[in-house]
Amino acid sequence: MNDVLIIGGGLAGLTAGMYCRMRKLSATVVDAGRPGGQLVSLYGDKPVHDWPGHVNVVANDLAQQLLDHALELGVEVVSGHKVDDLTRTDDGFEAQARDVLSGEVHRYGGRAVIIAIGGGAYEPRRLRVPGEDQLTEECLTYRMPDRARAAGRDVVVIGGGDSGLESAQSAHQAGGRVTMVQALDRFTGMETNIERVDAMNIRRHFNTRVRSLEIEDGRLRAVVAQTKGAPEPLRLPCDYLVVNIGQAVNLEGVKRWGVEVEGSQIKVDGHMRTSVEGVLACGDVVTYDGKYKLLLTAASEGCVAANSAYQYVRKPTRVTMTDLYS
Ligand SMILES: Cc1cc2nc3c(=O)[nH]c(=O)nc-3n(C[C@H](O)[C@H](O)[C@H](O)COP(=O)(O)OP(=O)(O)OC[C@H]3O[C@@H](n4cnc5c(N)ncnc54)[C@H](O)[C@@H]3O)c2cc1C
């Protein structure tokens with residue numbers, strides 16, 4: 001039995017694990033995929049510009065540093081086990097997890113639990129246009145574009161939030177001819193990302209939605225899109241399509257665990273406590289007044305959740321942070 005069982009090994013879960021060890025709590029992180037979460041699964045090659053102490057750090061490298069740090073502090077990390085169920089036991093909680101390859105069932109116990117599952121099992125939003133399902137990774141991705149594939153190709157990026165803006169930059173830097181298509185009348189990402197895309201003179205079409213795809217012999221040739229108010233649709237030559245229009249979040253599992261959710265997120269208080277005593281949550285999966293979905297806030301919340309788990313498990317008469325300074 002662990003002192004703390006952490007479900008999800010993205011930035012929030014790994015930081016929570018590190019902080020548990022700072023408090024001398026035993027901690028196991030169980031992740032459905034690869035530890036590192038979105039850093040490795042969605043944008044491994046992308047430079048991160050807002051991690052303190054690094055002007056920029058490649059996402060894969062940041063994830064590796066965090067994992068090394070967690071392991072060094074004694075966090076147990078399990079990959080490829082997806083937690084399906086969480087139940088209360090006499091002395092804490094038991095999670096039932098499934099090996100995503102073999103289907104084998106594993107059980108993990110914790111006196112307290114921290115849920116850090118980000119967007120849950122990643123399900124990208126699709127365009128839902130005919131032909132989309134028949135395209136392969138060679139010409140369609142819902143993640144950051146593969147730089148080797150983007151080089152020398154006509155790349156169309158759908159979506160004007162941070163993911164789309166960063167995909168466009170990455171494809172441009174890799175030598176792709178990039179056009180962005182955004183349904184709204186403006187980009188919605190951070191100013192720095194918009195400035196970089198402006199500086200690269202990346203073509204863009206606002207108020208524009210994809211209507212169909214031109215596909216010949218299984219290969220993508222063009223994207224047909226309609227701009228609001230325009231008499232004719234646009235035909236954008238394209239042999240590599242990048243769709244970054246968000247993720248469909250599925251928290252059905254979490255609801256089954258008895259934790260109160262609001263929309264597609266878990267409600268927490270300032271201590272990262274959920275509606276179930278002994279179950280904390282942190283990272284992209286949580287909501288509270290003033291929540292930002294960022295690496296830095298995920299790390300901060302991981303620290304808060306770990307300290308709350310410490311209070312729940314050890315019940316110290318007094319909690320100070322100064323014991324962590326030495
Ligand atoms: C393209 C893109 C670029 C971004 N760039 C930046 C940036 O430059 N700076 C910044 O601050 N933020 C950035 N973000 C946001 C940042 O990545 C997230 O806020 C952060 O990764 C959230 O971390 P997390 O640990 O909460 O979730 P995640 O990273 O999503 O990790 C959750 C983990 O939980 C696991 N999991 C899910 N369900 C289960 C289950 N049932 N059982 C076990 N494991 C499970 C998943 O496999 C995953 O590893 C970006 C996001 C995107 C999409």
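Residues numbered from 1 in each chain as written. Predicted model: local features only at pLDDT ≥ 70, side-chain atom pairs only at ≥ 80, totals over all residues.

Asker: Run through helix α8 (residues 295-314), naming residues and quoting values.
Answerer: Here α8 is 20 residues long and its end C-alpha atoms lie 28 Å apart, about the 28 Å a rise of 1.5 Å per residue gives. With respect to burial, α8 is a largely interior element, 15 of its 20 residues being buried. Of the residues flanking the end of α8, it is K315, one or two places downstream, whose phi is positive at about 50°. (Helix = DSSP H or I, 4+ residues; strand = E, 2+ residues; numbered from the N terminus. Expected span 1.5 Å × (residues − 1). Buried ≥ 20, exposed ≤ 12 C-beta atoms within 10 Å, placed from the backbone.)

Asker: Tell me about the sheet that holds strand β16 (residues 240-243), and please be specific about residues and values.
Answerer: Within a sheet, each strand pairs with its neighbour through backbone hydrogen bonds, oriented either parallel or antiparallel. Spatially, the 5 strands line up as an open sheet ordered β9-β16-β10-β11-β12, and their pairing is parallel. Two strands bound the open sheet, and with one partner strand each, they are β9 (140-141) and β12 (203-205). Sitting on the sheet, helix α5 (residues 162-173) touches β10 (154-158), β11 (177-181) and β16, and the angle it makes with β10 is about 170°. (Pairing = 2+ DSSP bridges. Contact = placed C-beta atoms within 7 Å. Axes fitted to C-alpha atoms, helices over the stretch in contact; angles between N-to-C directions.)

Asker: Account for the pairing of strand β8 (residues 105-115), naming residues and giving values.
Answerer: Alignment of strand β1 (residues 2-7) against β8, held across 5 bridges, turns out to be parallel. When the bridges of β8 are listed, I6 appears paired with I114. In this structure, β8 lies alongside strand β19 (residues 279-281), joined through 3 bridges in parallel fashion. Its bridge partner being in β19, V113 is matched across the sheet by V279.

Asker: Now, about the sheet that holds strand β14 (residues 219-227): what can you tell me, with residues and values included?
Answerer: If you walk across this open sheet you meet the 3 strands as β13-β14-β15, and the pairing is antiparallel. Strands with a single pairing partner mark the edges of an open sheet, and in this sheet they are β13 (208-216) and β15 (234-237). For this sheet, the mean inter-axis angle between neighbouring strands, taken without regard to orientation, is 30°.

Asker: Tell me what's going on with the domain arrangement of the protein chain, and back it up with residues and numbers.
Answerer: Interface size is commonly expressed as the accessible surface area that is lost when the partners come together. Annotation of the protein chain at the domain level lists domain 1 (2-122 + 247-324) and domain 2 (132-243). The gap between the C-alpha centroids of domain 1 and domain 2 is 33 Å. Facing 5 residues of domain 1, the contacting portion of domain 2 comprises 6 residues. Here the side of domain 1 that touches domain 2 is built from residues that sort into 2 nonpolar, 1 polar and 2 charged. (Domains from an automatic or database assignment. Nonpolar A, V, L, I, M, F, W, Y, C, P; charged D, E, K, R; others polar.)

Asker: Please give an account of the packing of α5 against helix α6 (residues 191-199) that cites residues and values.
Answerer: Interhelical geometry of α5 versus α6 gives an angle of 35° and a closest axis separation of 9 Å. The hand of the α5/α6 crossing is left-handed. Residue-level contacts link D162, L165, E166, A168 and Q169 of α5 to N193, I194, R196 and V197 of α6. Of the residues assigned to the contact of α5 with α6, the class counts are 4 nonpolar, 2 polar and 3 charged. (Left-handed = near helix turned anticlockwise from the far one by under 90°.)

Asker: Requested: an account of the site of the ligand, with residues and values cited.
Answerer: Neighbouring the ligand are 37 residues, the closest being G8, G10, G37, G118 and G283. Within the residue set of the shell around the ligand, elements represented by two or more residues are α1 (11-22), α2 (38-41), β6 (81-89), α5 and α8. Of the residues contributing to the shell around the ligand, the split by class is 18 nonpolar, 12 polar and 7 charged. A domain-level breakdown of the shell around the ligand finds at least three residues from each of domain 1 (2-122 + 247-324) and domain 2 (132-243). (Near = placed C-beta within 6 Å.)

Asker: Would you mind going over the nonpolar core in detail, with residue names and values included?
Answerer: Within the largest apolar cluster, 62 residues are counted, with the highest numbers of intra-cluster contacts made by I114, I115, A116, A281, C282 and A309. Discounting chain neighbours no more than four positions away, the residues touching A309 are V4, C20, L25, A112, I114 and L280. By size, the runner-up hydrophobic cluster in this structure holds 25 residues, among which are A168, V178, M180 and L213. (Core = buried A, V, L, I, M, F, W, Y, C linked by C-beta atoms within 7 Å.)

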